[in-house]
Amino acid sequence: MLGAWFDYTVNGFVIGNIYALLAVGLALIYGVANLVNFAHGSVYVVGAYVGWAAITYLGTPLPVTLLCVVVVCALVGVGIERLGLRPLHGASRIAPLLATIGIALVLDQVVQLIFSPDPRAVPMQVPDWRITLGGGTIGALDLLIAGIGLTSAAVLYGFLRFTKLGWAVRATAQDSDAAKQMGVDTDRVNLVVFAIASALSGISGVLVGMYYNQINPAMSFEATLKGIVALIIGGLGNVPGAIGGSLILGLTESYGIALFGTSYRNLFAFVLLIAMLVWRPNGLFAARRSLPPEPMTGTFIARSRPLKVPSWAVAVVILLAALLPLLDAPYLLQIGANSLMYAMLALSLTLVAGTVGQVSLGHAALLAIGGYASGLLALDAGWPVAVAIPAAGLITAALGTLLVFPAFRLTGHYVSIATLGIGEIVSLVILNWTGLTRGAIGLGGIPPLEVFGYDLGSVQGTYWLCLVVLVLLALLQVRLLNSHLGRSWRAIRDDSVAARSYGVSGDRYKALAFGYGGFAAGISGAITAHAYSYINHETFGATISILALTMVILGGLGNVVGAVLGATLLIALPEAFRFLAEYRILIYGIVLLLLIRFRPQGLMGTV
Amino acid sequence: MSAPLLRLEAINSFYGPVQVHFDLSLVVEAGQIVCLLGGNASGKSTSMKTVLGLQRPGSGKVWFDGADITGLPTPRIIRSGIGSVPEARRLFGAMTVRENLLMGAYTRSDKPGIAADEDRVLGLFPRLRERLKQRAGTMSGGEQQMLAMARALMGRPKLICMDEPTMGLSPLFVDRVLELIQAINREGVTIFMVEQNASLALGIAHYGYVLQTGRIALEGPAAALLRDPRIRDAYLGGAAA
Ligand SMILES: Nc1ncnc2c1ncn2[C@@H]1O[C@H](COP(=O)(O)OP(=O)(O)OP(=O)(O)O)[C@@H](O)[C@H]1O
Ligand SMILES: [Mg+2]
């Protein structure tokens, strides 16, 4: 028994070291660039595959493998900074964050195209012996990982403490303007930091590959998330804190698995994340409890003059859309219906992220709640579909608001991290709450769409229903935006300091925004569930959250017409270019990057 | 007369659509202390940022030591021989006093020279010598101001730009800081300083400019400005008497 606990401790410590290699880089980058790098896990995957390729094709011994990984990943890091982020100097502060998301999509997809999505086994490059210690065992690989973790930490400490460039990194992290006035080339410092952080991330990737004996391109997202959790535990930008946070996270996960089983592992990590954000947003090691005000340089969201679309034009478009089923092109209608469902989600997100400025990265969770609520009401409670769908909307509004409520006092980057974490928690709860949700099996046999006896299960029916619901939601949203409520929402976004002086009522306005957003997204999820007849915990994953964000940015943040346009374009266009299907995610990533760089206000302009 | 060390020529500065400087021109002669006076939001700090390359002017030129430095990146400008004591000091609070001093010498690589200058500067600011290992952020406001000046000196600049070096200091410390500025100047370093406290600044300066909503309203030798009734009315009130 004691031996087993010893093993869990060793395992937690080893995993903690792997997280530390990720989190330290995130902390360094946050320090000098004030940016949470969402592409960090993608570099880790690049590292894992470079290591795998070096061993498989070149037969490199371990030190050479590591060297290859370090060099390639450092170059990738330099590329990310130089090509992806530096051109955004002076842009609104959400821009670099979104750019790292775009870069992550591109890198992941490129890795997948080169190496295929199938998992690969990284050949073990250390002897396979284990020593027995007090009933438990430690293997050579455990020692190697711990050794690399400790060595990296020591080298990094020496670099920051005793070299001139290291001082420049610390000085830039504390006050980059002041550092410039000492003659520090802060652009170069940024470049160096990205190179170091990416090299460490890559090493982490190979080591994980050896530890679990398996790598696949999809593991990037989880790596990014875990790095961020460790970063938040240690405190944003706190390098030693990141190491401490990583070890805590590794041990928590390991003991969590020991007590409750593997499927709870990530739940622990994300609950820890939300708890930290709510109670200790500065990290475990900071004396201060309140959040530092985010630097007020520039607005968070780019401002622009929105394009005015005359209402007759909107009416004509709606009429044409309503006549589309007469063409008798079921495939086209299917795409149309899909676009409309996404458009409802985009309406919801454009309000929350654009109008209120709370850039949510977990919006797909609202779809999941709506889908499961409506599906379960219809299946288990026997409610008619026409009642279950609006009820699901209301349930999502309430539940969504309740879940985000603890994060209301957060701003900027913290909101994005919190919503990302909450989104993961929702999907993990769905997976683990087997009694209610059927767990991993998913929800099958969901009754088709019908309204009081009229069967809408056909493609035409689904399409028309979606169109009607979307038009109603859009009209309601436009009304809200033009009311006093809309002005208050924009006030919260434009001046969070002044809005903070609203105190409680600021929270109330945020709650109303998340409530309305939850309602629209919940309806969308519910309709989707009935249209698909089967959903599971992965149907509404993080990719959909990112896709929705891309739609909303494409249309112009806060812009109702823009949201519908963005959704239609991003769903319909890839269908038009079906031969590009393989490159779909790559295209989304590139679209996102180009938009942020050249047209941050989107097609229709931010409102 | 030899060419001035620093010269702003018809500068027009903007923050977005808002214009802050209107054809601002001024000159800082080598070896002098020149002060730029003006009320809040008159554009004093923006002048400093323009010299340091932190704010690019919409039009106009900045000349330093015979070279056009307009639009150069800040690190290049610092390397060409300008030191900065920024508004509100902007020390590296989590670094030690010694590390802050060495950051001041960031552009230099002559180890023996840096060590000698560290000694020289600590001779000028003996209070800092006792606190070399202390974190800069934990020092008193007056000590921090001294460290900011010492840090700027460590780069061996020809010119030091100071933005309100006496801000927030007790009267005793204000006098001390002004004396130190004169001491630095006597060592051959030219000083260009921004101040709100006109009588104090003019007391140590050779020449002064008065900035009003982005335009030079008044200029002259410090002694003449001190006597000028317009400046007494506008800035000094009864305090100058
Ligand atoms: N980064 C900025 N963005 C927009 N406007 C700015 C910025 N910095 C300064 N301003 C504006 O430019 C004007 C001049 O500012 P500046 O800081 O140069 O004044 P100042 O004379 O130094 O004032 P003070 O005595 O209060 O320090 C002010 O109206 C200020 O609001
Ligand atoms: Mg100022």
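Residues numbered from 1 in each chain as written. Chains lettered and ligands numbered in written order. Predicted model: local features only at pLDDT ≥ 70, side-chain atom pairs only at ≥ 80, totals over all residues. Heavy atoms only, no water.

What's the story with the overall build of chain B in this structure? I'm lost.
In terms of regular secondary structure, chain B is built from ten helices and ten strands. Taking 18 Å as the expected radius of gyration for a compact globule of 241 residues, we find that chain B reaches 17 Å, a close match to that expectation. Among the 241 residues that make up chain B, the fraction classed as buried is 53%. As presented, chain B carries roughly 10,200 Å² of accessible surface, and 52% of it is formed by carbon and sulfur atoms. Each charge class in chain B can be summarised by its mean position, and for the 27 positive and 22 negative side chains these summaries are 5 Å apart. (Helix = DSSP H or I, 4+ residues; strand = E, 2+ residues; numbered from the N terminus. Rg over C-alpha atoms; globule rule 2.2 N^0.38 Å. Buried < 20%, exposed > 50% of the residue type's maximum accessible area, 1.4 Å probe, protein only. Areas by Shrake-Rupley, 256 points an atom, 1.4 Å probe, with all protein chains shown as cover. Lys, Arg positive; Asp, Glu negative; His and termini not counted. Charge placed at Lys NZ, Arg CZ, Asp CG, Glu CD.)

Looking at this structure, I do not really get the packing of aromatic side chains. What am I missing?
Here a ring pair, both rings aromatic, is described through the centre-centre distance and the interplanar angle of the planes. Using the criterion set out here, one finds 13 aromatic pairs over all chains in the structure. Ring geometry for tyrosine 49 of chain A against tryptophan 52 of chain A: centres 6.4 Å apart, planes inclined by 70°, an arrangement best described as edge-to-face. With a gap of three residues between them, tyrosine 49 of chain A and tryptophan 52 of chain A both fall in helix H2 (residues 40-58), about one helical turn apart. For the pair shown, tyrosine 49 of chain A and tryptophan 52 of chain A are each scored as buried. An angle of 80° between the planes, with centres 6.3 Å apart, marks the rings of tyrosine 157 of chain A and phenylalanine 162 of chain A as edge-to-face. Phenylalanine 162 of chain A shares its class with tyrosine 157 of chain A; the two are exposed. One aromatic cluster is present, formed by Tyr49, Trp52, Tyr57 and Phe115 of chain A through successive ring pairs. Taking NZ or CZ as reference, arginine 215 of chain B lies 4.1 Å from the ring centre of phenylalanine 22 of chain B, over its face. (Phe/Tyr/Trp six-rings, centres within 6.5 Å; stacked < 30°, edge-to-face > 60°. Lys NZ or Arg CZ within 6 Å of the ring centre and 35° of its normal.)

Is there a simple way to think about the interface of chain A and chain B in this case?
Note: interface size is frequently given as the accessible area lost on complex formation between the parts. Chain A puts 18 residues into the contact, and the matching count from chain B is 23 residues. Of the roughly 1,900 Å² buried where chain A meets chain B, counting both sides, 62% is carbon and sulfur surface. The largest per-residue losses of area from chain A upon contact with chain B belong to Trp167, Gln181 and Met182 of chain A, which jointly make up 38% of the total buried on that side. Here chain A and chain B share three salt bridges between them. Where glutamate 99 of chain B meets arginine 170 of chain A, a salt bridge forms, and the shortest distance between an N and an O atom there is 3.1 Å. Linking chain A to chain B there are seven residue pairs in polar contact (both at pLDDT 80 or more). It is helix H6 (residues 164-174) of chain A that contributes the most residues to the side of chain A that touches chain B, seven residues altogether. For the side of chain A that touches chain B, a count of residues per class yields eight nonpolar, three polar and seven charged. (Contact = heavy atoms within 4.5 Å. Buried area = accessible area lost by both parts, 1.4 Å probe. Salt bridge = Lys/Arg side-chain N within 4 Å of Asp/Glu carboxyl O. Polar contact = N/O pair within 3.5 Å; in protein donor to acceptor, adjacent residues only side chain to side chain. Nonpolar A, V, L, I, M, F, W, Y, C, P; charged D, E, K, R; others polar.)

Where do I start with the coordination of the magnesium ion (ligand 2) in this structure?
Ideal coordination angles are 109.5 degrees for a metal with four donors arranged tetrahedrally and 90 or 180 degrees for a metal with six donors arranged octahedrally. Residue and element names in this part refer to chain B. Of the protein atoms, only Ser45 (OG) and Glu87 (OE) coordinate the magnesium ion (ligand 2), at distances of 1.9 to 2.5 Å. Of this pair, serine 45 sits in helix H1 (residues 44-52) while glutamate 87 sits in the loop between strand S6 (82-85) and helix H3 (97-104), placing them 42 residues apart in sequence. Relative accessible area serves as the criterion here: at 16%, serine 45 is assigned to the buried category. Residue glutamate 87 is classed as partly exposed on the basis of its relative accessible area of 32%. (Donors = N, O, S within 2.8 Å, 3.2 Å for Na, K, Ca; no water.)

Teacher, can you tell me more about the packing of H2 of chain A against helix H3 (residues 62-85) of chain A here?
Two quantities define a packed helix pair, namely the angle between the axes and the distance from one axis to the other. All names here are of chain A. For the pair H2 and H3, the least separation of the axes is 9 Å and the interaxial angle reads 145°. Helix-helix and strand crossings are classified by hand; for H2 and H3 the assignment is right-handed. Counting all contacts with H2, which are made through Val43, Val46, Gly47, Val50, Gly51, Ala54 and Ile55, the residues of H3 involved are Thr65, Cys68, Val69, Val72, Cys73, Val76 and Ile80. Partitioning the contact of H2 with H3 into residue classes produces eleven nonpolar, three polar and no charged. (Axes fitted to C-alpha atoms, helices over the stretch in contact; angles between N-to-C directions. Left-handed = near helix turned anticlockwise from the far one by under 90°.)

Explain the site of ligand 1 to me, please; I cannot follow it from the model alone.
All names here are of chain B. Neighbouring ligand 1 are 14 residues; Asn40, Lys44, Ser45, Thr46 and Glu87 lie closest to it. Residue tyrosine 15 places a side-chain N or O atom 3.3 Å away from a nitrogen atom belonging to ligand 1. In the model, an oxygen atom of ligand 1 is placed 2.9 Å from a nitrogen or oxygen of the alanine 41 main chain. Taken by itself ligand 1 offers 630 Å² of open surface, and the protein chains cover 59% of this. Partitioned by chemical class, the residues of the shell around ligand 1 number three nonpolar, seven polar and four charged. (Near = heavy atom within 4 Å.)

Is there a simple way to explain the nonpolar core in this structure?
Generally speaking, nonpolar side chains in soluble globular proteins are found buried as a group. Core analysis: the biggest nonpolar cluster contains 246 residues, and Ile527 of chain A together with Phe125, Ile181, Ile184 and Met193 of chain B have the highest contact counts within it. Not counting residues within four places of it along the chain, the set of residues in contact with isoleucine 184 of chain B comprises Leu124, Phe125, Met149, Leu153, Ile160, Met162, Val189 and Ile191 of chain B. The next biggest cluster of nonpolar side chains, apart from the first, holds 24 residues, and it includes Ile69, Ile77, Cys161 and Leu211 of chain B. (Core = buried A, V, L, I, M, F, W, Y, C linked by side-chain atoms within 4.5 Å.)

Would you mind going over the domain arrangement of chain A with me for this structure?
Residues and elements named next belong to chain A. According to the domain assignment, chain A contains domain 1 (2-270) and domain 2 (311-598). Domain 1 and domain 2 are separated by 33 Å when their C-alpha centres are compared. Counting the surface lost from both domain 1 and domain 2, the interface buries some 2,700 Å², and carbon and sulfur atoms represent 83% of this. Applying the counting rule to domain 1 against domain 2 returns zero salt bridges. Scanning the region where domain 1 abuts domain 2 turns up one residue pair in polar contact (both at pLDDT 80 or more). When residues of the side of domain 1 that touches domain 2 are traced back to their parent elements, those giving at least two are helix H4 (94-115), helix H9 (219-234) and helix H11 (265-279). For the side of domain 1 that touches domain 2, the element with the highest residue contribution is H4, accounting for 13 residues. (Domains from an automatic or database assignment.)

Would you mind going over the domain arrangement of chain B with me for this structure?
Residues and elements named next belong to chain B. Taken domain by domain, chain B consists of domain 1 (1-81 + 157-241) and domain 2 (92-155). Relative placement of domain 1 and domain 2: their C-alpha centres are 24 Å apart. In this assembly, 16 residues from domain 1 lie in contact with 15 residues from domain 2. When domain 1 packs against domain 2, the two sides together hide about 1,300 Å² of surface, and 74% of this comes from carbon and sulfur. Our count for the domain 1 to domain 2 interface comes out at one salt bridge. In this structure, the salt-bridge partner of glutamate 187 is arginine 120, at a minimum N-O distance of 2.3 Å. Along the contact surface separating domain 1 from domain 2 lie one residue pair in polar contact (both at pLDDT 80 or more). Contributing elements (two or more residues each) for the side of domain 1 that touches domain 2: helix H2 (74-79), strand S7 (159-163) and helix H7 (171-186). Of the residues forming the side of domain 1 that touches domain 2, the biggest block, seven residues, is contributed by H7. For the side of domain 1 that touches domain 2, the residue count by class is 13 nonpolar, no polar and three charged.

It is not clear to me how the sheet that holds strand S3 (residues 33-38) of chain B should be interpreted in this structure. Could you clarify?
Residue and element names in this part refer to chain B. Spatial ordering of the open sheet is given by S6-S7-S8-S3-S9-S10, a layout of six strands whose pairing is mixed. At either margin of the open sheet sits one strand with a lone partner, and together these are S6 and strand S10 (215-221). Each strand of the sheet is rotated relative to its neighbour by a mean of 15°, with strand direction disregarded. For S3 and strand S8 (residues 190-195), the ladder comprises five bridges, and the chain directions are parallel. Of the residues in S8, the one forming a bridge with leucine 36 is valine 194. (Pairing = 2+ DSSP bridges.)

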